[in-house]
Amino acid sequence: GKNGKDSNALFVVGFEGASDEEIGDFLSQWGLVSIVRKMEGKNHIFVTFATEQGARRLKMEEGVLYCGRRLLVDNATSRIHGPQDERENLELRKRAIARHFAKRSAPAAVPTFP
């Protein structure tokens, strides 16, 4: 792949209470799993497949369910910075969007927030 090993790694949310083994077994439906990294006290894991195909298959799958819960699958590389940046980005995005709509829908006489 473009960036070597990174394209084999995925960020997955939704495996509460599952052991590394259970997660690995479950994900091996899509390909050989090399590493499952659980984040302490977090609801997300990083999984590395032995091949890019495995990771791609899982990513392309629509609505993967584990114990009746839908998994959220994303590229690990976009998540490496950790949840803090993620939350900040989300906040900034939300604020930008709010600003955008405030500007658009506000009548000229009403001051918009800075």
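Residues numbered from 1 in each chain as written. Predicted model: local features only at pLDDT ≥ 70, side-chain atom pairs only at ≥ 80, totals over all residues. Heavy atoms only, no water.

### Section: helix H1 (residues 20–27)
- All of the buried residues along H1 are Ile 23, Gly 24, Phe 26 and Leu 27. Taken down its axis, H1 places every buried residue within 165 degrees of arc, on the same side. For H1, the exposed residues lying more than 90 degrees away from the buried face are Glu 21 and Asp 25.
- In the core, the buried residues of H1 are packed alongside strand E2 (33–38), strand E3 (44–49), helix H2 (52–60) and strand E4 (65–66). (Buried < 20%, exposed > 50% of the residue type's maximum accessible area, 1.4 Å probe, protein only. Helix = DSSP H or I, 4+ residues; strand = E, 2+ residues; numbered from the N terminus. Arc of directions from axis to C-beta. Contact = heavy atoms within 4.5 Å.)

### Re the pattern of salt bridges
- Within the structure shown, the criterion is met by three salt bridges.
- Residue Arg 69 is joined to Glu 16 by a salt bridge in which the shortest nitrogen-to-oxygen separation is 2.9 Å. Here Glu 16 lies in the loop between strand E1 (9–13) and H1 and Arg 69 lies in strand E5 (residues 69–70), a separation of 53 residues in the sequence.
- On the basis of relative accessible area, Arg 69 is assigned to the partly exposed category, the value being 31%.
- When the shortest N-O distance is used, the salt bridge between Asp 20 and Lys 38 registers 3.4 Å. Taken together, the positions of Asp 20 in helix H1 and Lys 38 in strand E2 put the pair 18 residues apart, joining distant regions of the chain.
- Residue class for Asp 20 comes out partly exposed when judged on its relative accessible area of 37%.
- Overall, Lys 38 belongs to the partly exposed group, its relative accessible area being 42%. (Salt bridge = Lys/Arg side-chain N within 4 Å of Asp/Glu carboxyl O.)

Geometric values such as these leave the question of function open.
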